[in-house]
Amino acid sequence: MLLGCHLSIAGGLEQTVARAQELRINALQIFSHNARSWKMGALKPDEARKFIERRRQAHIEYTVIHTIYLINLASPDPKNFQLSVQALKDEVQRAGELQIPHVNTHIGAHMGQGVEKGLERIAEAINAVLASPQARSAPHVKILLENSAGEGTELGATFAELGAILNSIKEKKRVGVCLDTCHAFAAGYDLTTPHGLEKTLQELERQIGLERVELIHLNDSKFPLGSRRDRHEHIGQGRIGIEGFRLIVNHPALRDKPFILETPKDDELSDLRNLAAIRSVRYDS
Ligand code: MN
Ligand code: MN
Ligand code: ZN
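All of the points below concern the structure found in this document.

Quick notes on the rules
- Residues numbered from 1 in each chain as written.
- Chains lettered and ligands numbered in written order.
- Predicted model: local features only at pLDDT ≥ 70, side-chain atom pairs only at ≥ 80, totals over all residues.
- Heavy atoms only, no water.
- Axes fitted to C-alpha atoms, helices over the stretch in contact; angles between N-to-C directions.
- Helix = DSSP H or I, 4+ residues; strand = E, 2+ residues; numbered from the N terminus.
- Parallel < 35°, antiparallel > 145°, perpendicular 65-115°, else oblique.
- Left-handed = near helix turned anticlockwise from the far one by under 90°.
- Contact = heavy atoms within 4.5 Å.
- Nonpolar A, V, L, I, M, F, W, Y, C, P; charged D, E, K, R; others polar.
- Donors = N, O, S within 2.8 Å, 3.2 Å for Na, K, Ca; no water.
- Tetrahedral: all angles 85-135°; square planar, octahedral: opposite > 155°, others 65-115°.
- Buried < 20%, exposed > 50% of the residue type's maximum accessible area, 1.4 Å probe, protein only.
- Pairing = 2+ DSSP bridges.
- Arc of directions from axis to C-beta.

### Some points on the packing of helix H6 (residues 159-167) against helix H8 (residues 194-207)
Argument step 1. It is at 9 Å that the axes of H6 and H8 come closest, and there the two elements cross at 20 degrees. Between H6 and H8, the interaxial angle falls into the category roughly parallel. Note that H6 runs across H8; the crossing there is right-handed. Residue-level contacts link Phe-159, Ala-160 and Gly-163 of H6 to Thr-200, Glu-203, Leu-204 and Gln-207 of H8.
Argument step 2. Partitioned by chemical class, the residues of the contact of H6 with H8 number three nonpolar, three polar and one charged.

The following block contains the structure:
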């Protein structure tokens, strides 16, 4: 099973690998720089080389960069739109330098422009990123679009919206999807019963295609089905519940995909507890 968590890069990329080893995980998600800042300093070649080597030694089989939360690829504000496109270009380049296959991003909110205009804007942004020298320098890196909970004017809460964006992408091979369980549940997709999960995956297959789902974010949800509120909870302590995760991590269509936890970090043991919860319901892991 490919299983890991989002880990802080405070203390440097190499420290993150050490922490991953302590947790005995083989998958890893990171911000590639300070998540509260647009600025990304250039990576030192030495730093990248060491990270790649340490990661190999630690048997981390899957790594993904999560973009910063400031990004809004649908922003109606030209300045913010331009900063968002630039930030995504830089992340793709950095992923290439670190030999990381995926850059996962929240797509953004339409801020009153309307859904259609917002979706167009996102496709325009991604097409611009993929046509950039940064993306050309990293031809093996894919961008993953994460489904949202649908808070406020957030786009991508429905698989239909994500599918519409994908249809407008020119280089389709370079874009996939991340399924966040908390976001899907909050957006109204029931994952807690065999029937609900089956219906959800049928809709996903119809609108996007299950093979385009390249990453699963495993988060329980503090708020109920369809609440459109994005509040992550510890695995088994939220409204999805441990039996929901049993269904999700063993489903034949999902079980071989990488699973990343983005659960709360209340204390030193939070990640270990959440990982143990997932491992306890996984068959032959
Ligand atoms: Mn996310
Ligand atoms: Mn997520
Ligand atoms: Zn979330």
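### Regarding the coordination of the zinc ion (ligand 3)
Argument step 1. Surrounding the zinc ion (ligand 3) are the protein donor atoms His-183 (NE2), Asp-230 (OD), Asp-230 (OD) and His-232 (NE2), at 2.0 to 2.7 Å.
Argument step 2. Taken together, the four donor atoms coordinating the zinc ion (ligand 3) and their angles of 51 to 140 degrees define a geometry best described as irregular.
Argument step 3. One chain supplies every donor for the zinc ion (ligand 3), spaced along it as H-x46-D-x1-H.
Argument step 4. Distance-wise, the manganese ion (ligand 1) is placed 5.5 Å from the zinc ion (ligand 3). Remark: His-232 occurs in strand E9 (residues 232-233) and His-183 occurs in helix H7 (residues 181-186); sequence separation between them is 49 residues.

### What to know about the environment of Ala-277
Argument step 1. Tracing the sequence through the fold places Ala-277 in helix H10 (residues 270-281).
Argument step 2. Assessed through its relative accessible area of 15%, Ala-277 is described here as buried.
Argument step 3. Along the primary structure Ala-277 and Ile-242 are separated by 35 residues, whereas in three dimensions their C-alpha atoms are 7.6 Å apart.
Argument step 4. Ignoring any residue separated from it by four or fewer positions in sequence, one finds Ala-277 in contact with Ile-235 and Ile-242.

### So, the coordination of the manganese ion (ligand 2)
Argument step 1. For the manganese ion (ligand 2), the full set of protein donor atoms is Glu-146 (OE), Asp-180 (OD), His-217 (ND1) and Glu-262 (OE), and the range of their distances to it is 2.1 to 2.2 Å.
Argument step 2. Mapped onto the sequence, the donors of the manganese ion (ligand 2) take the spacing E-x33-D-x36-H-x44-E.
Argument step 3. The distance between the manganese ion (ligand 2) and the manganese ion (ligand 1) comes to 3.1 Å, with Glu-146 serving as a donor to both metals. Remark: His-217 occurs in strand E7 (residues 213-218) and Asp-180 occurs in strand E6 (residues 175-180); sequence separation between them is 37 residues.
Argument step 4. A residue is classified by how much of its surface remains accessible, and Asp-180, at 0% relative accessible area, is buried.

### Some details on the packing of helix H9 (residues 241-250) against H10
Argument step 1. Contact geometry for H9 and H10: axes closest at 8 Å, N-to-C directions at 65 degrees. Classified by the interaxial angle, the pair formed by H9 and H10 is roughly perpendicular. Relative to H10, the crossing made by H9 is right-handed. Residues Ile-242, Phe-245, Arg-246, Val-249 and Asn-250 of H9 form the contact with H10, whose own contacting residues are Ala-277, Ile-278 and Val-281.
Argument step 2. Partitioned by chemical class, the residues of the contact of H9 with H10 number six nonpolar, one polar and one charged.

### Structural notes on the sheet that holds strand E2 (residues 27-30)
Argument step 1. One closed barrel holds the eight strands; their spatial order is E1-E2-E3-E4-E5-E6-E7-E10, and the pairing between them is parallel. Across the sheet, the mean angle separating the axes of adjacent strands is 30 degrees when strand polarity is ignored.
Argument step 2. Bridge count between E2 and strand E3 (residues 62-66): four bridges; the pairing is parallel. In the strand pairing of E3, Ile-30 is matched with Ile-65.

### Points about helix H1 (residues 13-22)
Argument step 1. What H1 keeps buried is the set Leu-13, Thr-16, Val-17 and Ala-20. Each buried residue of H1 sits inside an arc of 100 degrees when the element is viewed along its axis, so together they form one side.
Argument step 2. Against E2 and helix H2 (45-57) lie the buried residues of H1.
Argument step 3. Looking at the residues trailing H1, positive phi occurs at Arg-24, about 55 degrees.

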